[in-house]
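Observations on the model geometry
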Amino acid sequence: MVDSHDPTSADSCSLTEDEVEPKLKYVRLLNDLKNILSEEAISCIAVHPRFLCLGTHWGRIHMLDHQGNSVQTIMTIKENAHILSVNKISVDSKGEHIATCSDDGKVMISGLYTDENNQQLSTGKIVKAVELDPNHRSGSGSKFIIGDTKLVLYEKTFIKGLKSTVLSISEGQVTSIKWNGQFVAWSSTLGIHVYDLNEKCSLGFIQWEQPRSGNLTDFRCNLNWSNPTTLLIGWVDTVRICVIRKRNAIEVTMRNLPNHIVDPMSTFQTDFYICGIAPLESNQLVVLGFSKDRDSETNKALRPILCVLQYNATDYVEICTDSLSMRGYEEYKCDDYHLDCLIEENQYFIVSPKDVVVANLYETDDRIQWLIEHGKFEQAMEVITKHGGKYSLITVARLYLDHLLSQQQFDEAAKLCTRVFGTDKQLWEEEVYKFVKVKQLRSVSGYIPVAEANKLNPHVYEMVLYEYLQLDPDGFLRLVKEWPPSLYNTKAVINAINDHFNKKDANILLEALAILYSHEREYDRALTMYLKLQHKDVFELIATHDLYGMIKDTIVQLIELDSDRAIAMLLRQKSIPADDVVRELEHHEQYLFRYLDAYDKSDTSYKFHGRLVPLYARYEPDKLLPFLRRSNNYPIQEAYDICRQLLFYPEMVYLLAKMGSTREALAIILHNLGDVPMAIEFCKEHDDADLWDDLINESVDKPHVMTKLLDGIAGFINPELVVDRIQPGQQIEGLKSSIIKMLCGYSLQVAIQEGCNQILASDYFSMHERLVQLQQGALHVSTDHTCGVCRRDLIVKDNMKTDIVMFNCRHYFHENCLPDKYNIEFCIVCKSKKQ
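All values reported here derive from a predicted model rather than from experimental measurement. (Residues numbered from 1 in each chain as written. Predicted model: local features only at pLDDT ≥ 70, side-chain atom pairs only at ≥ 80, totals over all residues. Heavy atoms only, no water.)

1. Focus on the overall build of the chain
Of regular secondary structure, the chain possesses 29 helices and 31 strands. Looking at the 835 residues of the chain, the share that counts as buried comes to 46%. Of all intrachain contacts in the chain linking residues separated by at least 6 positions in sequence, the fraction that spans at least 24 positions is 48%. For the chain, the accessible surface area stands at approximately 43,800 Å², while carbon and sulfur atoms represent 49% of it. (Helix = DSSP H or I, 4+ residues; strand = E, 2+ residues; numbered from the N terminus. Buried < 20%, exposed > 50% of the residue type's maximum accessible area, 1.4 Å probe, protein only. Contact = heavy atoms within 4.5 Å. Areas by Shrake-Rupley, 256 points an atom, 1.4 Å probe, with all protein chains shown as cover.)

Encoded structure:
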């Protein structure tokens, strides 16, 4: 059983710096292991998928399952295997045999289920490393390697027992061995060797650099194989990754070199001492580290760390680093810690003399839980979306929503709702009350489903409107305009407005009431609200709901609000009689004028022209004269009286001329307007001798008028009438030039008349000649022609010949069919003359 609640457990004491998402989770092994560690201290460990094998400083071997429970085997029921510390334990791949070595110089090969092939070897030297053949088998052919001052391969034979073969002489003590297939990696006091068992030769030596403080022999060399050809080395504070590759065939033949070569592919230095190294994923390592620093207060060791590193050729990046609270860590040295792993299961065992902690890769659910605990909800939701797990997206979204609301990130919380809840009615109704508690329904109002197919309980929308009504009247009005009335109870909202009505927001609330009353089909109230507000939406209300029958008494208010739209509406709707409009506007002359002016442009009945004359005279005098000229449907005398009262002389001239008082009109032109050209044009227009005579009489004693008169009368009256009125000796400026111009004009007129006469005479004779030629020419008569009287064919085969009579109109007759063939000169059909 693991201790997940113990305050001293790895779970509760491991630290992740900077809140970086961890790659590993930790569990401390307890159960029977706890009792073992209360008496003994661990010196080494070997891990197999089925069990753990621990060696202690008392020389004992303990078999445990992965939960820390003791496992009974043949070996565990015996006395101590060794009398001194166990330095190394090696397990074959099948988990049937283990090999142990100790400072007592003994090497033990023990079966876990049978002791028939157990072996014991006494070397008489300290043995730090032993390694079973991964494919170890019982009986002859079983192999193992030990290291003291040399590397020796032992193989059990059928006759001679153990056969030993010295593979290599070591530079000092052999400290560690790792066997993988045909390759064996081992370390000496100076560096690392790789031996090829198939070719029975060394593939090379990697000399290790001496540390700056201490000696290389003060640190254990940590070896591990991540795959059959990749060797991981961690020694002192340096990591080196080597790949065993085949040499070029030509190079092997020519230079007599081994088939394989050890090629370092990555080397980098860490900030800590290395206690163990293991593979993780591609280009990633798990490294157990011992801090180079000491506690600043006690000068004792700091906690060990477990790092996940991603490496390249010369450097690395820390993906995550965890500080581990191992029991008694303050008293331990670097080599007191061990790291072993089950590569296939990504499971890592961190061992100290008094503790065993198991690290596992974070699974999907672990990652999600960590992300939730550290407030990284967005990442947690992404993980769920991609990988699933026991956590549902909705569960995490709800937790995220609570977090956002607690952080007062209300807009983000609202966006989260619409992103995750979508159109799920139940989820919305359950979660929206969280916004009610913090009075932030306004934040979510823009995201709540409002489509008819997905609408929520009406109470939800009413709560939103109520909050806006209390805290944001402008937003309340906006929602009333935007939301369909089917979402909520409009009567309830109307009552809420009446209960919370205030003068400060009166206009906003009245407009909202107008909209809500229109939803309730209480259009009279809505109309009243809009008019009270002087709001132009009243026109849309009237048009949308066909309220034209209600506006008779509000015409003046509508025009005051927007005269153009109101008048256009009144003219467009034939259901509103013009007489009623005129009656309503009787006491508002300016509005009446604008209405009648527009009405006149759209109506051809000329019904109100009599009313328009005084209105034009008052409000737009410039339009009066054009109106008088184009209309005949107004009382002329009344119009004249109005113009005379206002001294509108051009209008008076026009009206007097229209009434036949042309001489009076001319007098106004001459005396009031003083416009001689206008007077001349007026006389030309009416061409009345009496008018000309009045004009001449008025001009005789006015020299400047006389010259203008002489210039303008050519072609209308005899110039002698004007010249004869000029008194001898009278000084008229420009008289000579005026007379010359007049005579020239008269001469030109005479010349034009003579030219016209000549043209007429020429045309007469040419046209007469053409007529004679035309009448003398033959006309075509065919069998298709019929008689205009009898309707038979005009040409018939008959013994008695019949003459044909034809007229200019192209009507044809048999001569015998005519009533009086000798005296008829004109066509009896159209009276045209006979041809």
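2. So, unusual backbone geometry
Positive phi, normally seen in glycine, also occurs at Leu647, with a value near 60°. Mapping Leu647 onto the fold places it in the loop between α22 (636-646) and α23 (649-659). The phi dihedral of Arg791 falls on the positive side, at around 65°, and the residue is not glycine. Following the sequence through the fold, Arg791 ends up in the loop between α29 (735-776) and β30 (804-806).

3. A closer look at the pairing of strand β18 (residues 201-207)
Across six bridges, the pairing between strand β17 (residues 191-196) and β18 is antiparallel. Within the sheet, the bridge partner assigned to Val194 lies in β18 and is Gly204. Between the end of β17 and the start of β18, which pair antiparallel, lie four residues, with Lys200 showing a positive phi angle near 55°. (Pairing = 2+ DSSP bridges.)

4. Quick word on the side chain of His82
As for its placement among the helices and strands, His82 is situated in the loop between β6 (61-64) and β7 (86-91). A distance of 2.7 Å separates polar atoms of two side chains, one belonging to His82 and the other to Thr100. His82 has contacts with Trp58, Gly59, Thr100, Cys101, Ser102, Asp104, Lys106 and Met108, leaving out every residue within four places of it along the chain. (Polar contact = N/O pair within 3.5 Å; in protein donor to acceptor, adjacent residues only side chain to side chain.)

5. A word on α23
Turning to α23, its buried residues are Glu651, Met652, Val653, Leu655, Leu656 and Ala657. On its buried face, α23 sits against α21 (624-630), α22, α24 (662-673) and α25 (676-686). Where α23 terminates, the next one or two residues include Gly660, which has phi positive at roughly 95°.

6. Some remarks on the sheet that holds β6
Read from one edge to the other, the open sheet built from three strands follows the order β4-β5-β6, with strand pairing classed as antiparallel. Of all the strands in the sheet, the pair left with one neighbour each is β4 (42-48) and β6. Geometrically, the sheet is characterised by an average inter-axis angle of 20° between neighbouring strands, direction not taken into account. As paired strands, β4 and strand β5 (residues 51-56) are joined by six bridges and run antiparallel to one another. Bridge assignment links Ile42 to a residue of β5, and that residue is Thr56. (Axes fitted to C-alpha atoms, helices over the stretch in contact; angles between N-to-C directions.)

7. Section: the pattern of salt bridges
Applying the stated criterion across every chain yields a total of 30 salt bridges. Where Glu40 meets Arg60, a salt bridge forms, and the shortest distance between an N and an O atom there is 3.0 Å. Of the two residues, Glu40 is situated in the loop between α2 (32-39) and β4 and Arg60 in the loop between β5 and β6; the sequence distance between them amounts to 20 residues. We classify Glu40 as buried; its relative accessible area is 3%. Arg60 sits in the partly exposed class, given a relative accessible area of 28%. Taking the shortest distance from any N to any O, the salt bridge between Asp336 and Lys333 comes out at 4.0 Å. Given the relative accessible area of 56%, Lys333 is considered exposed. (Salt bridge = Lys/Arg side-chain N within 4 Å of Asp/Glu carboxyl O.)

8. Digging into α24
Residue pairs spaced three or four apart in an α-helix point in one direction, given the helix's 3.6 residues per turn. Among the residues of α24, those classed as buried are Thr662, Ala665, Leu666, Ile668, Ile669 and Leu670. One or two residues past the end of α24 sits Gly674, with phi positive at roughly 60°.

9. Focus: the packing of aromatic side chains
Tallying each qualifying case throughout the model produces 16 aromatic pairs. With centroids separated by 6.2 Å and ring planes inclined at 40°, the aromatic side chains of Phe290 and Tyr337 adopt a geometry described as tilted. Within this pair, whereas Phe290 is found in strand β24 (residues 284-291), its partner Tyr337 is found in the loop between β26 (316-323) and β27 (338-342), the two being separated by 47 residues in sequence. Taken together, the aromatic side chains of Phe593, Tyr616, Tyr619, Phe627 and Tyr634 make up a single cluster linked through ring pairs. Geometry around Trp208 places Arg240 over its ring, the cationic atom sitting 5.2 Å from the centre. Here Lys292 stacks its cationic end above the ring of Tyr273, 5.5 Å away from the centre of that ring. (Phe/Tyr/Trp six-rings, centres within 6.5 Å; stacked < 30°, edge-to-face > 60°. Lys NZ or Arg CZ within 6 Å of the ring centre and 35° of its normal.)

10. Re the sheet that holds strand β22 (residues 260-269)
As summarised here, the arrangement of the four strands in space is β19-β20-β21-β22, forming an open sheet in which the pairing is antiparallel. If you trace the sheet from one side to the other, it starts and ends with β19 (222-227) and β22, each paired once. Averaged over all neighbouring strand pairs, the angle between strand axes comes to 25°, with direction disregarded. With five bridges joining them, β19 and strand β20 (residues 230-235) adopt antiparallel strand pairing. Across the sheet, Asn224 pairs through a bridge with Leu232, a residue of β20.

11. Concerning the confidence of the model for the chain
The predicted coordinates ought not to be read in detail in places where the model reports low pLDDT. In the predicted model, the chain carries a mean pLDDT of 83, and the fraction of residues at 70 or more is 89%. Long-range and interchain partners of residues 1-17, a stretch whose pLDDT sits below 50, account for 39 contacts in this model, where long-range means more than four residues apart. (pLDDT = per-residue confidence, 0-100.)

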